[in-house]
Amino acid sequence: MILRSLMQRIQTTKTLPCYKTIPVGKTEHEGGHIHQENVAHTCEIKCPGCLNYCKLPTGHTSLHDTDHGNMVNAHFAGAAGSKYMLDNFIYSAGNDARVFLCSTFCNNLGRHKHITFCEENRCTKVESRNAYKHIDTKDKIYPEPDRQKDYISHVEFWRRSGFADPYNTRLEFSLCDHHCSHDDHKKSKSPSYCVEPLFHMKIARTGDKSDVFVSKVFALVDGHRFTCEHVNFAACQICVVIDFSYSMTSSDILPPPTPDFAYKLKKHLNRLGAVFHDLCVFLRSRIAATSTSSKSKDVNLEELAKNETLTHDSLTVVKFNLDVEEIKEPMENLHAYSLLDILVEQPQPTFGDGTNFTKAFQYSVNLMKQKRIQSQQEKEKLV
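Here is what the cut-offs are and how they apply
Residues numbered from 1 in each chain as written. Predicted model: local features only at pLDDT ≥ 70, side-chain atom pairs only at ≥ 80, totals over all residues. Heavy atoms only, no water. Buried < 20%, exposed > 50% of the residue type's maximum accessible area, 1.4 Å probe, protein only. Helix = DSSP H or I, 4+ residues; strand = E, 2+ residues; numbered from the N terminus. Salt bridge = Lys/Arg side-chain N within 4 Å of Asp/Glu carboxyl O. Pairing = 2+ DSSP bridges. Axes fitted to C-alpha atoms, helices over the stretch in contact; angles between N-to-C directions. Contact = heavy atoms within 4.5 Å.

A. Highlighting helix H7 (residues 336-344). With seven of nine residues buried, H7 is to be regarded as a mostly interior element. Those residues of H7 that sit buried are Ala336, Tyr337, Leu339, Leu340, Ile342, Leu343 and Val344.

B. Highlighting the pattern of salt bridges. Following the criterion strictly, the structure yields 14 salt bridges and no others. Note that arginine 98 and aspartate 96 form a salt bridge whose closest N and O atoms lie 3.6 Å from each other. Given a relative accessible area of 28%, arginine 98 falls into the partly exposed group. Exposure remark for aspartate 96: the relative accessible area of 33% places this residue in the partly exposed category. Note that glutamate 326 is salt-bridged to lysine 328, the shortest N-O span being 3.4 Å. Each of the salt bridges in this network shares a partner with another, and the network as a whole consists of Glu156, Arg159 and Arg160.

C. How the structure looks around the sheet that holds strand S6 (residues 114-117). Strand order in the open sheet formed by three strands is S6-S9-S7, with antiparallel pairing between adjacent strands. Two strands in the sheet have a free side with no partner beyond their single neighbour: S6 and strand S7 (132-134). Direction aside, the axes of adjacent strands within the sheet are offset by 35° on average. As paired strands, S7 and strand S9 (residues 149-152) are joined by three bridges and run antiparallel to one another. Residue pairing in the sheet places histidine 134 in a bridge with aspartate 150 of S9. Lying on the sheet, helix H1 (residues 154-161) is in contact with S6, S7 and S9; it crosses S9 at an angle near 115°.

D. Local environment of the sheet that holds strand S13 (residues 314-320). With mixed pairing, three strands are arranged side by side in an open sheet as S12-S13-S14. The open sheet terminates on both sides in strands that have one partner only, identified here as strand S12 (237-243) and strand S14 (324-326). Direction aside, neighbouring strands of the sheet carry axes that sit 25° apart on average. Pairing of S13 with S14 involves three bridges; the strand directions are antiparallel. Counted as the bridge partner of phenylalanine 320 is valine 324 from S14.

E. A look at unusual backbone geometry. Along the chain, tyrosine 142 connects to proline 143 via a cis peptide bond; the corresponding omega equals 0°. Note on placement: proline 143 falls in the loop between strand S8 (141-142) and S9. Of note, aspartate 87 is a non-glycine position whose phi angle comes to about 55°, a positive value. Here aspartate 87 shows up in the loop between strand S3 (83-86) and strand S4 (89-92). If you check the backbone angles, phenylalanine 199 has positive phi at about 65° while not being a glycine. As for its position among the elements, phenylalanine 199 is in the loop between helix H2 (183-188) and helix H3 (209-212). The class of phenylalanine 199 is buried, set by a relative accessible area of 10%.

Spelled out as structure tokens, the structure:
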């Protein structure tokens, strides 16, 4: 068993006695109580993490400041069962963080965000100038799982506390913590992070060279910008399961009016058309990732995605209502337009078509297992 020693630095209060004497024959002195001459009173505001008092004089107008102690009033936050590894020790959501100091806890975290309760009358459940982002999830976040919470930046955390940032606002704390998922980084154990600010809006592919691909400077993946270069992204076995029940003919959700796809989707202005649109956008992003050997000069990923074929990924499309069926058309060497042609030719759902999610899930899992075995056998034949 490993025991972690704990030396706590916790501040306590002290009430100074009155220094006046009571005259003989009296039970109290004249006038109010007063401490010894020249005793300075300090601010009574506490740090929300360690609960240490501000050490500045009462009535000061600057940010509060203190000698921070153990974080007796802070907890690890997350969904039930969440685990965190810090300094070779594992902590669970809801555990207190008293073994750490306010002034040192963030030192080794690098890019990170904090979790806190939504501020009353302020949380708009949207991003706010890279300061905070509402946590919109069905999973309850502990501690106090019934209270709504926000992700907030390191800078916003200390701004809300009213205390001076003991880390002197390190630049990396204000940057996006999304990292490139390419296998090269796993091998080298050196992550490549997005260069945008924390909580930035996803960078859209509009066809503008500066927005889609900046030659030899940025690569755009899933709405994040990276400076790393790779031969290609790892091939994936992708299975898409599409609900083809009658409810998908509802027009409460429409496909976005993307010029590239609008004509082909004119007969599918419903939920199903929105799914077709997003699947093609996803395929286009995969083509852009897998078809680019390096960030060469003046490459436009949007144009590349329109014209190149899907040479690395293996795509399977399954549709279901009460029954489940794999779309049998060839899914090799596809680009987004070819896939859309296949999808729009599928029969529209008819009235009475329900759903069997369990059957669809089991079918898809078994299908992917079969395809994986076939892929392994093919590789063995080549060896």
